[in-house]
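Analysis of the macromolecular model
So you can see what is in the structure, the chains are spelled out below.
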Amino acid sequence: MLTGSHKRVAPLRIVLKHWQSVSMFRYVIALLLLPTALWADPSFWKFEWPNTDFETTSLENWTEVLSGGPPKDGIPALDDPVMIPTGTAQGLTGREPVITVEIAGQTPRAYPIRYLTWHEIVNDTVGGVPIAVTFCPLCNSGITFDRRTEAGVLRFGVSGKLRNSDMIMFDRETESWWQQAVGTGIVGELTGVQLVSLPSWMESWDTFRSRNPDGLVMAEPDFRRNYGQNPYVQYDSSFRPFLFSGDLPPHDIPALARVVRVGDSAWPMTRLANESEITENGITLTWIEGQASALDSQNIGEGRDVGNVRVRDASGSDLAHDVMLAFAFHAFWPDGEWM
């Protein structure tokens, strides 16, 4: 089912669930080797990262950084994807999630989670704006960044490292490390540089194409992957996140429950689903049914309904936000506001 060298080590319970798969056997071997794989020592990492400046970092404790299994580029990011008209797309099912990017004056684009699950980063350019569409499955974090910085336009890859179970990206220009959930450089020459988050959101394929019949969608990448399959079966129903030892969220909020993060505030998805629309802090959040969880069933499109969320300001413009798992919000915004 999975290609072991190109996907993160799955939780043991998931491994055993799919024991019949030969490739899952590789995950068991990887689990047995975790003490070696999880060394948090920059002197060891320099063999893999000879161009990274490990002397410059915002990290106070290197043990926060763990190996997720694959090496640098073991999960291959995508560059300049082929985009095709919405009406010509095949294989996508109606409820499966996509990340929608709508830049003023440009044709709306959809990036299916069925592809991002296996690649995690797509470097693209829309109307002259270089963007990185990112998805960390272990945090359900889907954020789109502007790749332009004071250091120039960057192109991102997947490091294979995790911090608080969240993907650490790297840029190919300086090989600095970046925390995906916050979009900030944490190791290397560009430590402290902040990427600009662009308005984008996760919604179902049906929702996107009904609103954008003349839109574009990313075509299936030319890789051998089980696109449409979820390597993290029932992950968002687990009690504790994978490779995470931090504090769990307050207020009895389950660690793997979804929250809508806007800045340093988070609205539990359960509350939003119950109310359908919330206006607070000068913004309006809306929820409608119809989007499958990408972290539930083996087939992404058959996952339980987690709904479609939009976040807009007082003028009705879309706002940058993230629908992430509660433990990740608490880890990266320990003093954040729980709504």
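In case you missed it, the structure is sitting above this.
We now turn to the structure provided with this report. (Residues numbered from 1 in each chain as written. Predicted model: local features only at pLDDT ≥ 70, side-chain atom pairs only at ≥ 80, totals over all residues. Heavy atoms only, no water.)

Thoughts on the overall build of the protein
Of the regular secondary structure elements, the protein holds eight helices and 24 strands. A total of 339 residues make up the protein; the buried ones form 58% of that total. Residue pairs at least 24 apart in sequence account for 63% of intrachain contacts in the protein once pairs closer than 6 positions are excluded. Summed over its atoms, the accessible surface of the protein is roughly 13800 Å², and 51% of this surface lies on carbon and sulfur atoms. (Helix = DSSP H or I, 4+ residues; strand = E, 2+ residues; numbered from the N terminus. Buried < 20%, exposed > 50% of the residue type's maximum accessible area, 1.4 Å probe, protein only. Contact = heavy atoms within 4.5 Å. Areas by Shrake-Rupley, 256 points an atom, 1.4 Å probe, with all protein chains shown as cover.)

Observations concerning the layout of surface pockets
In this structure, the second largest pocket spans a volume of roughly 270 Å³. Along the walls of the second largest pocket sit 15 residues, with Ala257, Arg258, Met269, Thr270 and Arg304 positioned nearest its centre. For the lining of the second largest pocket, the element with the highest residue contribution is helix α7 (residues 269-275), accounting for three residues. Looking at side-chain class alone, the lining of the second largest pocket contains nine nonpolar, two polar and four charged residues. (1 Å grid on protein atoms, 1.4 Å probe; cavity = no way out; pocket = protein on both sides within 12 Å on 5 of 7 lines; lining within 4 Å. Points joined across faces, edges and corners; volume = space filled by probe spheres on them. Nonpolar A, V, L, I, M, F, W, Y, C, P; charged D, E, K, R; others polar.)

Here we look at unusual backbone geometry
Positioned with a positive phi, Asp80 is a non-glycine residue whose angle comes to about 45 degrees. Tracing the backbone through its elements, the reader meets Asp80 in the loop between β2 (78-79) and β3 (83-85). A residue is classified by how much of its surface remains accessible, and Asp80, at 47% relative accessible area, is partly exposed. Notably, Asn281 is not glycine yet its phi reads approximately 55 degrees, a positive angle. Residue placement: Asn281 occurs in the loop between β20 (277-280) and β21 (283-288). The class for Asn281 is partly exposed, based on a relative accessible area of 49%.

Quick notes on the packing of aromatic side chains
A complete count under the given rule lists 15 aromatic pairs for this structure. Judged by centre distance (6.5 Å) and plane angle (75 degrees), the rings of Phe332 and Trp333 are edge-to-face. One aromatic cluster is present, built from ring pairs that chain together Trp45, Trp49, Phe54, Trp62, Phe170 and Trp177. In this arrangement the basic side chain of Lys72 is found over the ring face of Trp49, its NZ or CZ atom lying 4.8 Å from the centre. Sitting above the plane of the Trp201 ring, Arg310 keeps its charged end 3.9 Å from the centroid. (Phe/Tyr/Trp six-rings, centres within 6.5 Å; stacked < 30°, edge-to-face > 60°. Lys NZ or Arg CZ within 6 Å of the ring centre and 35° of its normal.)

A closer look at the nonpolar core
Residues Phe156, Met169, Tyr235 and Phe327 are the most contacted members of the largest nonpolar core, which totals 40 residues. Breaking this core down by element, the ones donating at least two residues are β7 (129-136), β8 (141-146), β11 (156-163), β12 (166-171), β23 (322-325) and α8 (326-332). For this core, the element with the highest residue contribution is α8, accounting for five residues. Setting aside residues no more than four positions away along its own chain, Phe156 makes contact with Ala77, Ile121, Asn123, Ala132, Arg147, Met169, Phe170, Asp171, Arg172, Trp178 and Leu195. (Core = buried A, V, L, I, M, F, W, Y, C linked by side-chain atoms within 4.5 Å.)

Here's the deal with the pattern of salt bridges
Pairing between side chains becomes possible if they bear opposite charge and their charged atoms approach one another. Taken as a whole and judged by the stated rule, the model has 19 salt bridges. Salt-bridge contacts for Arg114 lead to Glu96; the nearest nitrogen and oxygen are separated by 2.7 Å. Taken as a pair, Arg114 in helix α5 (residues 113-119) and Glu96 in the loop between β3 and β4 (97-101) lie far apart in primary sequence, 18 residues in all. Here Glu203 and Arg211 are joined by a salt bridge, their closest N and O atoms 2.7 Å apart. When salt bridges with common partners are traced through the structure, they connect Asp236, Arg258, Asp296 and Arg304 into a single cluster. (Salt bridge = Lys/Arg side-chain N within 4 Å of Asp/Glu carboxyl O.)

Considering the sheet that holds strand β18 (residues 258-262)
Within a sheet, adjacent strands bond to each other through the backbone by hydrogen bonds, running parallel or antiparallel. With mixed pairing, four strands are arranged side by side in an open sheet as β23-β18-β19-β24. Bordering the open sheet on either side are β23 and β24 (337-338), each of which pairs with just one other strand. (Pairing = 2+ DSSP bridges.)

Overview of the sheet that holds β3
Taken together, five strands build an open sheet; the order of strands is β3-β17-β5-β4-β16 and the sheet is mixed. Bordering the open sheet on either side are β3 and β16 (200-204), each of which pairs with just one other strand. Within the sheet, the average angular offset between the axes of one strand and its neighbour, ignoring direction, is 35 degrees. (Axes fitted to C-alpha atoms, helices over the stretch in contact; angles between N-to-C directions.)

A short note on the pairing of β16
With five of its five residues buried, β16 lies for the most part within the structure. The alternating pattern of β16 places Ser200, Met202 and Ser204 on one face and Trp201 and Glu203 on the opposite face, and all of these are buried. Pairing of β4 with β16 involves five bridges; the strand directions are antiparallel. Bridge pairing in β16 links Val98 to Glu203.

Some words on the side chain of Arg147
Position of Arg147 among the secondary structure elements: in the loop between β8 and β9 (148-149). Although Arg147 is buried, it makes no salt bridge; Asp80 carries the closest opposite charge, 5.3 Å away. A distance of 3.0 Å separates a polar atom in the side chain of Arg147 from the backbone oxygen of Asp124. Among the polar contacts made by the side chain of Arg147, one reaches the main-chain carbonyl oxygen of Leu154 at a distance of 2.7 Å. Apart from the residues lying within four places of it in its own chain, the contact partners of Arg147 are Asn123, Asp124, Thr125, Pro130, Ile131, Ala132, Gly152, Val153, Leu154, Arg155 and Phe156. (Lys, Arg positive; Asp, Glu negative; His and termini not counted. Polar contact = N/O pair within 3.5 Å; in protein donor to acceptor, adjacent residues only side chain to side chain.)

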